[in-house]
Amino acid sequence: MSSPEQQPHTPPPAKAPETDQGTAEAPTPAPSEPLPALPGHPPAASASRWSRLSRGAVLAIGAGLGAAVVGACWAGVSLAGGDETDATAAGASASPSVSAERTEDMEEPFSTDGTLTVAGIGAGLDSEELCSGTGGYSDIDFGTQVNVTDAAGTLVAVGSLGFGQKTELGCEFPFTVDDITPGSKFYTVEVSHRGGLTQTEDELRSGGLAFTLGD
């Protein structure tokens, strides 16, 4: 007789130990420590936000920023150019007006003033005391005529002497001549018949003429 074939013996699985609640608990695996970052490579968590965008989105954003910068520059240049243009236009519009006013002033009659001093007279008088011409200068006194003639010898204006006052030099008479006709190359100012003092129009306009008679 053949002996019966022996079946392989499989040991029963081990039972998990029972707890107080009668249920087996699986062991908790030990937490694994994070691996240190390699030198020169930042952690993945600190990656730039730009890396999350697609290349097309980055290019679109860059193009938008560039257009904004260019637009701001053009706006600044346009404003600056506009201010300069306005200033130039204002200056250009003002220049003809100023020139016209000056031309008009040059065409209007003008005035001049000055003094005539008769030297060596008024002895014994106090300073600024009233005085008159004496001796050979008796024609020089308050109201004596002052004539202004142009380059052609034409009488263009008439004035007169004021009251004489004693000074260190003698007796000084102020005068003013109004309504002088403009446009002559030069003018001659004469007090009485004592000869004239030749002046340009600009000199007459400036005034402050000074005549002296005697030593």
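This one's a predicted model, so the numbers in the text were calculated from it and none came from an experiment.

Caption draft 1: Structural view of the pairing of strand β8 (residues 196–199). Relative to β8, strand β7 (residues 187–191) is paired through 4 bridges, and the arrangement is antiparallel. Looking across to β8, one finds that E190 is bridged to G196.

Caption draft 2: Broad picture of the state of the cysteines. Here the structure, examined in full by the defined rule, presents 1 disulfide. A disulfide bridge connects C131 with C171, and the sulfur atoms are separated by 1.9 Å. Torsion about the S-S bond of the C131 and C171 cystine: about 100°, corresponding to right-handed handedness. On the criterion of sequence distance, the pair formed by C131 in strand β2 (residues 130–131) and C171 in strand β6 (residues 170–180) is long-range, its members being 40 residues apart. Classification of C171 by relative accessible area gives buried; the value is 0%.

Caption draft 3: Expanded view of the nonpolar core. In terms of nonpolar packing, the biggest core is built from 23 residues, with I140, V148, L161, F175, I180, V189 and L204 touching the most fellow members. With 5 residues, the single largest contributor to this core is β6. Excluding anything up to four places from it in sequence, V148 contacts T154, L155, V156, A157, V177, I180, Y187, T188, V189 and L204.

Caption draft 4: Local environment of a nonpolar patch on the surface. Taken together, the side chains of L130, F142 and F163 make up a nonpolar region of the molecular surface, amounting to roughly 350 Å² of accessible area. The topology assignment puts F142 in the loop between β2 and β3 (145–149).

Caption draft 5: Just the pairing of β7, in detail. Across the two faces of β7 the burial differs, with Y187, V189 and V191 buried and T188 and E190 not buried at all. Where β3 meets β7, 4 bridges bridge the pair, whose relative direction is antiparallel. Residue pairing for β7: V146 is matched across the bridge by V191. Hairpin geometry of β7 and β8 is characterised by an intervening segment of 4 residues between the two adjacent antiparallel strands and by a positive phi of about 55° at S192.

Caption draft 6: Main features of unusual backbone geometry. One non-glycine residue, E128, adopts positive backbone phi at about 70°. Along the chain, the position of E128 falls in the loop between β1 (110–119) and β2. Judged by relative accessible area, which is 57%, E128 ranks as exposed. With a phi close to 55°, S192 is a non-glycine residue in the positive phi region. The residue S192 is located in the loop between β7 and β8 in this model. Judged by relative accessible area, S192 falls into the partly exposed class, the value being 23%.

Reading guide: rules and limits
Counting starts from 1 at the beginning of each chain's written sequence and moves along it residue by residue. Residue-level local features of this predicted model are given only where pLDDT is at least 70; pairs of side-chain atoms are given and counted only at 80 or more, and the full residue set underlies all totals for whole chains, interfaces and linings. Side-chain figures throughout are based on the complete set of non-hydrogen atoms in the structure, without hydrogens or water. In this description, strands pair whenever DSSP reports at least two bridges between them. Going along the chain from the N terminus, every DSSP run of H or I of four or more residues is numbered as a helix, and every run of E of two or more is numbered as a strand. Note on terminology: disulfide denotes any pair of cysteine sulfur atoms within 2.5 Å. Relative accessibility under 20% of the residue-type maximum defines a buried residue, over 50% an exposed one, and the middle range a partly exposed one, all with a 1.4 Å probe and only protein chains included. For the purposes of this section, nonpolar cores are sets of buried Ala, Val, Leu, Ile, Met, Phe, Trp, Tyr and Cys residues that join through side-chain atoms within 4.5 Å. By definition, residues are in contact when any of their heavy atoms lie within 4.5 Å. What goes into a patch is any residue over 30% in relative accessible area without a salt bridge, connected to like charges within 9 Å or, for nonpolar side chains (Val, Leu, Ile, Met, Phe, Trp, Tyr), within 5 Å. For every accessible area listed, the method is Shrake-Rupley and the probe measures 1.4 Å; residues are considered covered only by the protein chains on display. Take a side-chain nitrogen of Lys or Arg and a carboxyl oxygen of Asp or Glu: if they are within 4 Å of each other, that pair is a salt bridge.

Honestly, it's all geometry; don't read function into it.
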